[in-house]
Amino acid sequence: MAKITRALISLSDKSGIVEFARELAGYGVEILSTGGTAKLLRDAGLVVKDVSEHTGFPEMLDGRVKTLHPKVHGGLLGMRSNPEHVATMKEHGIPPIDMVVVNLYPFEATVANPSCTLEDAIENIDIGGPTMLRSAAKNNADVTVIVDPADYRTVLDEIKASGGSVAKETNFRLAVKVYQHTAAYDGAISNWLGARLEEGVARYPDTFTIQFKKAQEMRYGENPHQSAAFYVERQVTEASVATARQLQGKELSYNNIGDTDAALECVKQFDEAPACVIVKHANPCGVAIGKNLLEAYDRAYSTDPESAFGGIIAFNGELDGETAKAICDRQFVEVIIAPQVSREAIEVVAAKKNVRLLECGMWPAQPAQRLDFKRVNGGLLVQDADLLLSAELTVVSKRQPTEQEMIDLRFAWRVAKFVKSNAIVYGRDGMTIGVGAGQMSRVNSARIAAIKAEHAGLQVKGAVMASDAFFPFRDGIDNAAAAGITAVIQPGGSMRDAEVIAAADEHGMAMVFTGMRHFRH
Ligand SMILES: NC(=O)c1ncn([C@@H]2O[C@H](COP(=O)(O)O)[C@@H](O)[C@H]2O)c1NC=O
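Residues numbered from 1 in each chain as written. Predicted model: local features only at pLDDT ≥ 70, side-chain atom pairs only at ≥ 80, totals over all residues. Heavy atoms only, no water.

The protein chain is annotated in an unreviewed UniProt entry as Bifunctional purine biosynthesis protein PurH from Geobacter benzoatilyticus.

Next comes the structure, spelled out in structure tokens:
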């Protein structure tokens, strides 16, 4: 590759640029730059030529036109190996520009502000920047293009090692990065503006563009004959399976990632005490709180020791050595995830080489609203993620729940939200007694919850029941009463609510309506 002789630098995010430009200038590279960027570099003592001087045209129209000039784009797009291009450039006095360092007006950050107006958004649509990026990326055979400050160091190292040039392969890689970046940038603009086509009516744009970044390719998908990869959002902020740091163990599999997400998102519901969630095949098979994590784990495990085998375990506090030892001594576990992991816990788990140990950091008390996606053949379902939990509970039975029943009802309700529909959760004293998941009939989910309790040697008598959706008939209540359930929490809203409440009253049960349903499929 030829030596870099001229670079154009035009940046919104100017971090690290002074050091980069200084080193570049040290290799004899001429620096062209736009208004604010040129000023910053000059103030730092660098020699900079304004783009306006280079083109012979002033920056104009409030900066809407700065670099949109044939002398810039000719210098970027002209092919150095094409004699005709070279002659044309010479004829029109267009010097080659061998490097572009550009990042764009912060459109996404601007529209993330709830008070952002349409005018603010429009002014933050960068035109000249993406145009230069695209020109330079197209001509990556001759031009180096940097859109990400994280690449400054690598490029400088190459220039240093080669005595002034950047390798073809690096230029190609940087060009691909540019098109990913400009695609995401335009996607964000089209989503935001598209959602405003019918202001106040449409929340979802006509065409929905999403971009995820590949984090990992897996050996296989849900089954060994399926290939798979894990893609993550470009800017995930909340602690999640996507941001978690793997401290040890085999690579996470497709199913591991899905189940770890289910376990972690469920354990996030509990902030009043140390909590543990054990997930198997996307459903919690044991959930408990305790005076410490060890007790929480012990109780979660005792709900369904059979299913906990090979499970995914999530905690809401720092994993300590004692709890890690209890898990490793007792059971086969695929993944353990916690906001923090102590040094002792790391040492304990190290004895089980295959166990995947993840540390995800602490999450906010109130998660930011986000979208959920679900692929169907030929389409994509998009909805608000189910982040709410009913604030107001209404007692609809004659009998008021006791204080303890109310605590248990709230606990079971939070678990039910994370159990696949139809979901029935029996709970008592901050632990699940039985979980009935994913059945086509609610009555069968209740039966399964009772069977689970029986298998684990747990008494249903005196426990409470949570149901993710209303009871269509009274039989669910009659069966629960027969099993010894004393109180029920459910959304209400059935045609036969009166009949269902009457059943609860007949059995002397307390019943609470949440007014909010939590189907999960
Ligand atoms: N209009 C243009 O010709 C133009 N050329 C470069 N820009 C952008 O202006 C910004 C840098 O401006 P300044 O150097 O004045 O701070 C960069 O984000 C760059 O992408 C432009 N701005 C918007 O389109």
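Now that the structure is up, let's keep going.
Chemist: Explanation requested: the overall build of the protein chain in the structure shown.
Modeler: Helix and strand content of the protein chain: 19 helices and 21 strands. By the compact-globule yardstick of 24 Å for 521 residues, the protein chain is too spread out, its C-alpha radius of gyration being 30 Å. Projected onto its principal axes, the C-alpha coordinates of the protein chain cover approximately 95 × 55 × 45 Å. Expressed as a percentage of the 521 residues in the protein chain, the buried residues total 47%. In the protein chain, once contacts between residues fewer than 6 apart in sequence are set aside, the share between residues at least 24 apart is 57%. Of the roughly 25,300 Å² of accessible surface on the protein chain, a fraction of 53% belongs to carbon and sulfur atoms. Considering the protein chain, the positive charge centre built from 55 side chains and the negative charge centre built from 65 side chains are found 4 Å apart. (Helix = DSSP H or I, 4+ residues; strand = E, 2+ residues; numbered from the N terminus. Rg over C-alpha atoms; globule rule 2.2 N^0.38 Å. Buried < 20%, exposed > 50% of the residue type's maximum accessible area, 1.4 Å probe, protein only. Contact = heavy atoms within 4.5 Å. Areas by Shrake-Rupley, 256 points an atom, 1.4 Å probe, with all protein chains shown as cover. Lys, Arg positive; Asp, Glu negative; His and termini not counted. Charge placed at Lys NZ, Arg CZ, Asp CG, Glu CD.)

Chemist: I'm lost on helix H2 (residues 35-43) in this one. Help?
Modeler: Side chains of residues three or four places apart in an α-helix project in the same direction, reflecting 3.6 residues per turn. Residues of H2 that are buried: Thr37, Ala38 and Leu41. Burial along H2 is one-sided: seen end-on, the buried residues are contained in an arc of 100°. When the buried face of H2 is taken as reference, the exposed residues oriented beyond 90 degrees from it are Lys39 and Asp43. Just beyond H2, the residue with positive phi is glycine 45, at close to 95°. (Arc of directions from axis to C-beta.)

Chemist: Which parts of the structure should I look at to understand the packing of aromatic side chains?
Modeler: Note on aromatic pairs: each is described by the distance of the centres and the angle between the planes. Here the structure, examined in full by the defined rule, presents seven aromatic pairs. When the ring of phenylalanine 107 is compared with that of tryptophan 192, the centres are 6.2 Å apart and the planes differ by 85°; the resulting orientation is edge-to-face. Here the residue phenylalanine 107 occupies a position in helix H6 (residues 107-112), and tryptophan 192 occupies one in helix H10 (residues 168-194), the gap between them amounting to 85 residues. The exposure class of tryptophan 192 is buried, given its relative accessible area of 12%. Three or more aromatic residues joined by ring pairs make a cluster, and in this case those are Phe208, Phe212 and Phe373. Across from the ring centre of tryptophan 192, 4.1 Å away, lies the NZ or CZ of arginine 196, which sits over that ring. (Phe/Tyr/Trp six-rings, centres within 6.5 Å; stacked < 30°, edge-to-face > 60°. Lys NZ or Arg CZ within 6 Å of the ring centre and 35° of its normal.)

Chemist: For this particular structure, what's the right way to read the site of the ligand?
Modeler: The ligand sits among 23 residues. The nearest are Thr34, Thr37, Arg64, Asn103 and Asp126. Side-chain polar atom of threonine 37 to an oxygen atom of the ligand: 2.5 Å apart, as the coordinates give it. Within the side chain of threonine 67, a nitrogen or oxygen atom sits 2.7 Å from a nitrogen atom of the ligand. Considered on its own, the ligand offers 520 Å² of accessible surface; in the complex 93% of this is hidden by protein. Counting residues per element, the ones that place at least two in the shell around the ligand are strand S1 (6-11), H2, strand S4 (99-103) and helix H8 (128-138). Class assignment of the residues belonging to the shell around the ligand gives a composition of eight nonpolar, eleven polar and four charged. (Near = heavy atom within 4 Å. Polar contact = N/O pair within 3.5 Å; in protein donor to acceptor, adjacent residues only side chain to side chain. Nonpolar A, V, L, I, M, F, W, Y, C, P; charged D, E, K, R; others polar.)

Chemist: Looking at this structure, how should I read the confidence of the model for the protein chain?
Modeler: Interpreting fine coordinate detail is not advised for predicted regions of low pLDDT. Residues of the protein chain with pLDDT of at least 70 account for 99%, and the chain-wide mean is 95. The ipTM assigned to the predicted complex is 0.87, against a pTM of 0.86. (pLDDT = per-residue confidence, 0-100.)

Chemist: What am I meant to see in the pairing of strand S10 (residues 283-289) here?
Modeler: On any regular strand, side chains alternate: one points to one face of the sheet, the next to the other face. Counting buried residues along S10, seven of its seven residues qualify, which places the element largely inside the surrounding structure. From the end of strand S9 (residues 275-280) to the start of S10, which pair antiparallel, there are two residues, and histidine 281 there has a positive phi angle of about 45°. (Pairing = 2+ DSSP bridges.)

Chemist: Any chance you could explain the sheet that holds S4 here in plain terms?
Modeler: What holds strands together in a sheet is hydrogen bonding between their backbones, with the strands either parallel or antiparallel. An order of S3-S2-S1-S4-S5 is seen for the five strands of this open sheet, with the pairing classed as parallel. On the outer flanks of this sheet lie strand S3 (49-50) and strand S5 (144-146), each paired with one strand and no other. Pairing between S1 and strand S2 (residues 30-33): four bridges, direction parallel. Opposite isoleucine 9, over in S2, you have serine 33 as the bridge partner. Running over the sheet, H2 touches S1, S2 and S3 and is turned about 135° from S2. (Axes fitted to C-alpha atoms, helices over the stretch in contact; angles between N-to-C directions.)

Chemist: What's the story with the packing of helix H12 (residues 293-303) against helix H14 (residues 321-330) in this structure? I'm lost.
Modeler: When two helices pack together, their arrangement is given by the angle between the helix axes and by the axis-to-axis distance. For the pair H12 and H14, interaxial distance at closest approach is 8 Å and the crossing angle is 25°. Taken together, H12 and H14 sit at an angle that is classed as roughly parallel. The element H12 and its partner H14 pack so that their crossing is right-handed. From H12, Leu293, Leu294, Tyr297, Asp298 and Tyr301 reach across to H14, where they touch Glu322, Thr323, Ala326, Ile327 and Arg330. (Parallel < 35°, antiparallel > 145°, perpendicular 65-115°, else oblique. Left-handed = near helix turned anticlockwise from the far one by under 90°.)

Chemist: For this particular structure, what's the right way to read the side chain of arginine 414?
Modeler: As for its placement among the helices and strands, arginine 414 is situated in helix H16 (residues 403-416). For arginine 414, a relative accessible area of 13% translates into the label buried.

Chemist: Just to check I follow, could you spell out unusual backbone geometry for this structure?
Modeler: Leaving glycine out, the prevailing phi sign among residues is negative, and the prevailing peptide bond configuration is trans. A cis amide bond, omega -10°, links serine 421 with the succeeding residue asparagine 422. Counting through the fold element by element, asparagine 422 comes out in the loop between H16 and strand S17 (424-428). Despite not being glycine, aspartate 62 has its phi angle at roughly 55°, a positive value. Take aspartate 62: its relative accessible area is 80%, and that puts it in the exposed class.

Chemist: Looking at this structure, how should I read the pattern of salt bridges?
Modeler: Think of it this way: side chains of opposite charge can pair up when their charged atoms draw near. For the structure on display, the rule yields 27 salt bridges. A salt bridge links glutamate 108 to arginine 234, with the nearest nitrogen and oxygen atoms 3.0 Å apart. Within this pair, whereas glutamate 108 is found in helix H6, its partner arginine 234 is found in the loop between strand S7 (228-233) and strand S8 (245-248), the two being separated by 126 residues in sequence. Arginine 370 is the salt-bridge partner of glutamate 265, the closest N and O atoms lying 3.5 Å from each other. Residue glutamate 265 is located in helix H11 (residues 254-267), and its partner arginine 370 is located in the loop between strand S13 (356-359) and strand S14 (371-376); the two are separated by 105 residues in the primary sequence. By relative accessible area, which is 13% here, glutamate 265 ends up buried. (Salt bridge = Lys/Arg side-chain N within 4 Å of Asp/Glu carboxyl O.)

Chemist: Sorry, what's going on with the pairing of S14 here?
Modeler: Where S14 meets strand S15 (residues 379-384), six bridges bridge the pair, whose relative direction is antiparallel. Paired with phenylalanine 373 across the bridge in S15 is valine 382. Between the antiparallel neighbours S14 and S15 lie two residues, among them glycine 378 with a positive phi of about 90°.

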